[in-house]
Amino acid sequence: MFLEVQGLKKGFGQGSARVEVLKGIDFTCEKGEFCVLLGPSGCGKSTLLNIIGGIDKPDSGEIRIEGEAMSLMKEKRLTMYRREHLGYIFQMYNLIPNLTVRENIEVGAYLSRNPLDVEELMHTLGLYEHRGKLPNQLSGGQQQRCAIGRAIVKNPDILLCDEPTGALDYNTSKEILKLIETVNQKYGNTVIMVTHNDAIRFMADRVIKLKDGMVRHNIQNETKMSAEELDW
Amino acid sequence: MKKTKNPLRHRLPRELKSDFGKYMVIFLLLVLSIGLISGFLVADESMIAAYNDSFEKYNIEDGNFTVEYRANKSSIRMIEDLGVKVYELFFTDRKMDNGVTVRIFKNRTAVDLPCPMEGSLPEETGEIAVDRMFADNNSLKTGDILVSSGKEWKITGLVALSDYSALFSDNSDTMFDALHFGVAVVCEEEFESFSKNEITWRYAWKYNEGIGDKAWQKDRAESFSEDLSGIVDLVGFNPRFQNQAIIFTGDDMGSDRAMMMVLLYVIIVIIAFVFAVTISNTIVKESNVIGTLRASGYTKGELIRHYMTMPLFVTLVAALVGNVLGYTVFKDVCADLYYNSYSLPTYVTLWNADAFFETTVVPVVIMIVIDFVILSRRLALSPLKFLRRDLKKGRSRGAFPLSAHLPFFTRFRVRVIFQNMPNYIVLFAGIFFANFLLMFGLMLPEILHHYEETLPDSMFSEYQYILQLPQAAVDEDKKLESMMNMLKFQNAVETDVEDAEKFSAYGLQTVLGETKRIEDVLVYGIADHSRYLPLDDRFREMEKAGFENPVLASSNYRDKMKLKIGDRVTLKEEFEDAQYSFTIAGFLEYTGSICVFMPKEKLNEIFDLGKGTFTGYFSNTPITDIDKSYIGQTIDRESLTKVSRQLMKSMGGMMYLVDYFSMLMFMILIYILSKIIIEKNAQSISMTKILGYRNGEISRLYLHSTTLMTILEIFLSLPLCTTGLVWIYEQMIVSEMTGWIPYYLPRKIYIQMIIMGIVTYAVVAVLEYQKIRKVPMDEALKNVE
């Protein structure tokens, strides 16, 4: 098993103000799988993604990546884990404002011993003509494509996507989903995508529905749709 | 696969370009500070080397002695048999028509050689080469004519005489006087034309075995003096280690080094904090990006290095440029400061590895340490906190309550002030330091003026004449002869001046250990019923108090040594072991010198001078009927203010430099920090514009908060600066200077500083107002990128 999540619990606040966001999450994910974490706002999807990404810590429970327990990783090891295995895509693109498209992608490439070819990737992302532009000269979709480029250029084992289409319109969202699908198929990374858009579940290999901090459904899609076919 | 270079490096030139103004002013401040200090260190070291080399290069004497009449050949031979080589160093002191005194020597060819600075040495009669600094001070140049009672000399060149690097006309002077006294050389023929009555017969000597350290020189000089007095009638004996005209410069040079280094490092620390505030602001602005980078696997170290690059780059380049300017431009500025005070020979610029280390490596290390510590703390948060823009350590405290009764603008400004508190703290450190320098620059001239102005109030008479006992009157080996000579002397020094009053005086010194440096203390013995110092009642009171050897101390002595009534002080004779203990029974307001007072007869008894003996006169009219050779020292207004005049001349230029520098620093710091505050609030300013606020109203919200804080900080810094400066001033005078100049800080300095601070701020505020006007409205509508 590539990714194992066992009995994960996480709460915020203290005393009467304490809220238990994750109440014992269990699921597994195979290498190369496209996994969608689905659920309404506040159900703990992003918290779960952040814990998998090693930028937040659970109160209890364990996550294992290829058998290695994250709870045993010290801060430095966690940074190296993120550096070597993870790619992150956020709803807000968080690009560096005074770096060009190409340089923003290189920010990801720098972290990898074996990065993808930046030129080729920019062609794949449809950003080659914009490679010399700064983020504020790009549309929202182009900025998100650039952020995807930055995440995948280091050829991560796991691509974590936190509502990547949350700030985009329908057409641009579909473009981005197609891109993530292409990346998943072309490079074989495991994709874990958090979304509250129910339609996206049809393109996933595995759908994990969260509600009230618990896994309500863990569905293996027998047949899945391409991003192109999705509609909402 | 070739390793990709860190792409974040591409940001640096763009950041430099987009924030050019900020980096430029910091760069200029650093260049100026480092350049000045580097220049100072290079000039200091080079000139110290030139000064040290001058002893050999110009064959500087090991000492000199003065005799009443020219020594004959056999006397010279006998003296040279004592293991020395003797050289003639005859001179005449000429009062010029413009009021200055010039000591004219025959051109030297064997000892105390002159260093030509400009033009040529005199070759014919009617020609003269004068001291370079004296010429500068009196606006004389080559080709000018010097006139003294009808006699004229054409200046052929400017020189530095190696035995007069500090222009002391008399070795007993507290301070040299390069404004009214100078030295010069004429050719042999010219010198021979001077009347023999005007010549002072001075000889220089060099030991055949070479010269040793100070202790060696002291022992050797003592035995030489003893033997010498058996051969000739000495009227002056001045071994090199006591000759202020030679050693004062060497003692003074290098003494400011520590102060200059502290100055530089304080500036670097402040700039490091300015960078830290700038970076902290950038971190807040870029927190999402930082969170993303950290989440992607960038280490904290990589980000620290990235954010430290620019401050280090600016500091390093500024240090290098500053050093280049230090070696070229500022070196000359600093050397001029020395040339303004001392008559030094020409110097060769020496490569100074220490100066390079202290002005390049140390500033960069200070910058690394401070910025690393602050960045480590700022970047210690988890990636998630950066992504959430939650940059508070620990739990957020939320907004503190402000009464709704307060006007809206007031509440808004209070919030802006608290939001920018770290900036205001750094600003306070900067204002404090700039004001400290400014106060120092303004205070010193005031102290010197005040000293000159108030001195007449505390003078007990217009003139004090300290008589000079001939050696023959105090020769312990020939007691009877000495007594006869003393009687002869006492008769010769009687005056017909009616208001002259006799007193006794005895020169002693403080004991090292009891005081930080050896200080001359003159013990006055005041006659009964004195018209100048009517102290009979006080003397009686102190006798009654039962103190042992009671004395009244001058206020200078009290202030410098922090004396209290009842304190015991030990004083000793120079070069002798004899020590005397006195009890301080009271104080007398007198700022002229460090001295103590007791009844005249008591003094004569303590120092075994004999009943009725006197060694000086107080007088309100000049005494002209005593042979000049019997008068060792005349203390009048001019001689007492010599210190302050010379200090003003030597340090005046430096003080103005300090004033300008501190104002510049003040301006730069306020500019940078208020710019940061406006940039930090650019989005809010933009939003308030969209809401319909006018630029003036926005300025009231954002700029007035900084105005209020700046004014408050200017006021707060003043008492702190005063306390710090008084302490430093006292330490400086106690450890660096003989004598005492009372501390004085008039109210007008505070007013000057406040006005200068506010005017400086006003200039910056106008610039910042323009900046607020230029904040575009779409700033608020922008994506976080």
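Model, not experiment: these values are computed from the prediction. (Residues numbered from 1 in each chain as written. Chains lettered and ligands numbered in written order. Predicted model: local features only at pLDDT ≥ 70, side-chain atom pairs only at ≥ 80, totals over all residues.)

### Some thoughts on the overall build of chain B
Heads up, the condition is: Strands here are runs of E lasting at least two residues and helices are runs of H or I lasting at least four, both read from the DSSP assignment and numbered beginning at the N terminus. To sort residues by exposure, count the other C-beta atoms lying within 10 Å of each residue's C-beta; 20 or more gives buried, 12 or fewer gives exposed, and values between give partly exposed, all with C-beta atoms placed from the backbone. By the convention adopted here, residues are in contact when the distance between their C-beta atoms, placed from the backbone, does not exceed 7 Å.
A count of helices and strands for chain B gives 23 helices and 20 strands. Relative to its 785 residues, chain B shows a buried fraction of 40%. When contacts within chain B are restricted to residue pairs at least 6 apart in sequence, long-range pairs at least 24 apart make up 84% of them.

### Remarks on the sheet that holds strand E8 (residues 190–195) of chain A
Across a sheet, paired strands are connected by hydrogen bonds in the backbone, their directions being either parallel or antiparallel. Residue and element names in this part refer to chain A. Under the convention used in this document: Strands qualify as paired when DSSP identifies two bridges or more between them. The axes are straight lines fitted to the C-alpha atoms, using for helices just the contacting stretch, and the angles between their N-to-C directions are given from 0 to 180°.
Strand order across the open sheet formed by six strands is E6-E7-E8-E3-E9-E10, with mixed pairing between neighbours. Either end of the sheet is taken by a strand with one partner, and the two such strands are strand E6 (86–89) and strand E10 (214–220). The average angle at which neighbouring strand axes cross in this sheet is 15°, direction not considered. Summarising the sheet, strand E3 (residues 34–38) and E8 pair through five bridges and their orientation is parallel. Paired with Leu 37 across the two strands is Val 194, which belongs to E8. Across the sheet, helix H1 (residues 45–52) is in contact with E3, strand E7 (158–162), E8 and strand E9 (206–211); its angle to E8 comes to roughly 150°.

### Topic: the confidence of the model for chain B
We count it as follows: Scored between 0 and 100, pLDDT is the confidence that the predictor attaches to each residue.
Scored by pLDDT, chain B comes out at a mean of 85, with 95% of its residues at no less than 70. Taking the mean pLDDT of every element in chain B, the minimum, 75, falls on helix H21 (residues 682–691) of chain B and the maximum, 95, on strand E6 (residues 127–131) of chain B.

### Thoughts on the interface of chain A and chain B
Many analyses report the size of an interface as the accessible area lost when the parts associate. Heads up, the rule is: Under the scheme applied here, ten amino acids are nonpolar (Ala, Val, Leu, Ile, Met, Phe, Trp, Tyr, Cys and Pro), four are charged (Asp, Glu, Lys and Arg), and all others, including Gly, are polar.
The interface is formed by 30 residues belonging to chain A together with 23 residues belonging to chain B. Listing elements by their share of the side of chain A that touches chain B, those giving two or more residues are helix H2 (75–85), E6 and helix H3 (101–109) of chain A. The element contributing the most residues to the side of chain A that touches chain B is H3(A), with five residues. Among the residues making up the side of chain A that touches chain B, the classes are represented as 16 nonpolar, nine polar and five charged.

### Brief notes about unusual backbone geometry
Residues and elements named next belong to chain A. Phi is positive for Asp 212, close to 50°, though the residue is something other than glycine. Note that Asp 212 resides in the loop between E9 and E10. Assessed through the 14 C-beta atoms surrounding it within 10 Å, Asp 212 is described here as partly exposed.

### Section: helix H4 (residues 118–125) of chain A
For the α-helix, the turn length of 3.6 residues means that residues three or four positions removed from each other point alike. Residues and elements named next belong to chain A. Keep this limit in mind: The arc in question is formed by the directions pointing from the helix axis toward the C-beta atoms.
Listing the buried residues of H4 in full gives Leu 121, Met 122, Thr 124 and Leu 125. The buried residues of H4 occupy an angular sector of 160° when projected down its axis, which confines them to one face. With respect to the buried face of H4, the exposed residues turned more than 90 degrees away are Glu 119 and Glu 120. Of the residues trailing H4, Gly 126 is marked for its positive phi of about 75°.

### Quick word on the packing of helix H8 (residues 257–285) of chain B against helix H14 (residues 421–458) of chain B
Residues and elements named next belong to chain B. The following threshold applies: Orientation categories follow fixed angle ranges, with anything under 35 degrees roughly parallel, anything over 145 roughly antiparallel, 65 to 115 roughly perpendicular, and all other angles oblique. Left-handed describes a crossing whose near helix is turned anticlockwise from the far helix through less than a right angle; right-handed describes the clockwise counterpart.
It is at 10 Å that the axes of H8 and H14 come closest, and there the two elements cross at 160°. Here H8 lies roughly antiparallel to H14, going by the angle between them. Pair H8 / H14 crosses with left-handed handedness. From H8, Val 266, Ile 270, Phe 273, Val 274, Val 277 and Ser 280 reach across to H14, where they touch Pro 422, Asn 423, Val 426, Ala 429, Gly 430 and Phe 433. Partitioned by chemical class, the residues of the contact of H8 with H14 number nine nonpolar, three polar and no charged.

### Digging into the sheet that holds strand E11 (residues 234–239) of chain B
All names here are of chain B. Strand order in this open sheet of four strands is E2-E10-E1-E11, and the pairing throughout is antiparallel. The sheet is open, and its two edges are formed by strand E2 (84–88) and E11, each paired on a single side. Pairs of neighbouring strands in the sheet enclose a mean axial angle of 20°, with direction left out of account. Relative to strand E10 (residues 201–207), E2 runs antiparallel, the two sharing five bridges. Each bridged residue has a counterpart across the sheet, and for Lys 85 the counterpart in E10 is Lys 206.

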